[in-house]
Amino acid sequence: MHQEVTYPQIIFLAGASGSGKTTLAKLLSIPQFNLDHFYRDDSPELPKLIGKTTDWDLPEVWDHELALEHLLELIKTGKTSYVKYDMVTAKKKDKFELEIAPGTKYILCEGIFSYLIIPQLQKMDLCTDIIWLSQNRRLNTVRRLKRDLRENRASKAIAAYRSTILNLRDSKLKKKYLALDARVMNFDSALRYLSQYTN
């Protein structure tokens, strides 16, 4: 008699840029798979925000096939390795190895483009929950401006322009997650809710 294999379930944490996803994720104790590691290397072929500046908030800049490949490898084998993307240099830079303990029940994935891989994981019965982190739009704007400047992601002018564009895109992004049955929560509610997931 064959014993049924039980794989870890994936919890997705989504939200507009600057909504506090990364901050919230750091407060949780479950293993995490960083979707930001799978941006494509900057190149002239990627979509542009203004001039030669790449628009990092469009799905074309994220390698969803590579992300899904390594996530499934982690789920099925308990480990994976890849060269991760570096936000400052806009290139894949350092080898990254990730391993989860045997018997791990849940893995958290945080990122804005996870809607591209959620449907396939839902079909495979590997997605247990989706949270859309909802924050005040003005607060989002301030947070991402400060972050972009602090982490040298863009000049002040480009960061301000980017934030204006994102204010127009955020509602469309939210609808994509609502179509996937995401739960909408503020930061405190999401922290309380996600804290129930322990391994």
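Up top you'll find the structure we're talking about.
Residues numbered from 1 in each chain as written. Predicted model: local features only at pLDDT ≥ 70, side-chain atom pairs only at ≥ 80, totals over all residues. Heavy atoms only, no water.

## Things to note about the pairing of strand β8 (residues 127-133)
Side chains on a regular strand alternate between the two faces of the sheet. Our working definition: Working definition: with a 1.4 Å probe on protein chains only, accessible area under 20% of the residue-type maximum means buried, over 50% means exposed, and in between means partly exposed. The numbering of helices and of strands both runs from the N terminus, where a helix is a DSSP run of H or I of at least 4 residues and a strand a run of E of at least 2. Following DSSP output, two strands are said to pair if at least two bridges run between them.
Buried residues dominate β8, accounting for 6 of its 7 residues. Direction of pairing for strand β1 (residues 9-15) relative to β8: parallel, over a ladder of 6 bridges. In the strand pairing of β8, I10 is matched with C127. Where β8 lies against strand β9 (residues 183-185), 3 bridges are found, and the strand directions are parallel. The residue bridging L133 from the neighbouring strand is M185, located in β9.

## Examining the pattern of salt bridges
Applicable threshold: Salt bridges are defined by distance alone: a side-chain nitrogen of Lys or Arg within 4 Å of a carboxyl oxygen of Asp or Glu.
Per the stated rule, a full pass over the model turns up 5 salt bridges. D55 is the partner of R169 in a salt bridge, and the nearest nitrogen-oxygen pair spans 2.7 Å. On the criterion of sequence distance, the pair formed by R169 in helix α5 (residues 156-178) and D55 in the loop between β4 (53-54) and α2 (64-77) is long-range, its members being 114 residues apart. The salt bridge involving E97 is made with K95; its shortest N-O contact spans 3.7 Å.

## Examining the sheet that holds strand β2 (residues 32-34)
Put simply, the rule reads: Inter-axis angles, ranging from 0 to 180 degrees, are taken between N-to-C directions of lines fitted to C-alpha atoms, where helices are fitted over the stretch in contact. By definition in these notes, contact holds between two residues if any of their heavy atoms fall within 4.5 Å.
With parallel pairing, the 5 strands of this open sheet are ordered in space as β2-β7-β1-β8-β9. Each having just a single partner strand, β2 and β9 make up the two edges of the open sheet. Shown here is a sheet whose adjacent strand axes are inclined to one another by a mean of 25 degrees, direction ignored. Sitting on the sheet, α2 touches β1, β2 and β7 (106-110), and the angle it makes with β2 is about 160 degrees. Helix α6 (residues 187-194) contacts β1, β8 and β9 of the sheet and is inclined by roughly 160 degrees relative to β8.

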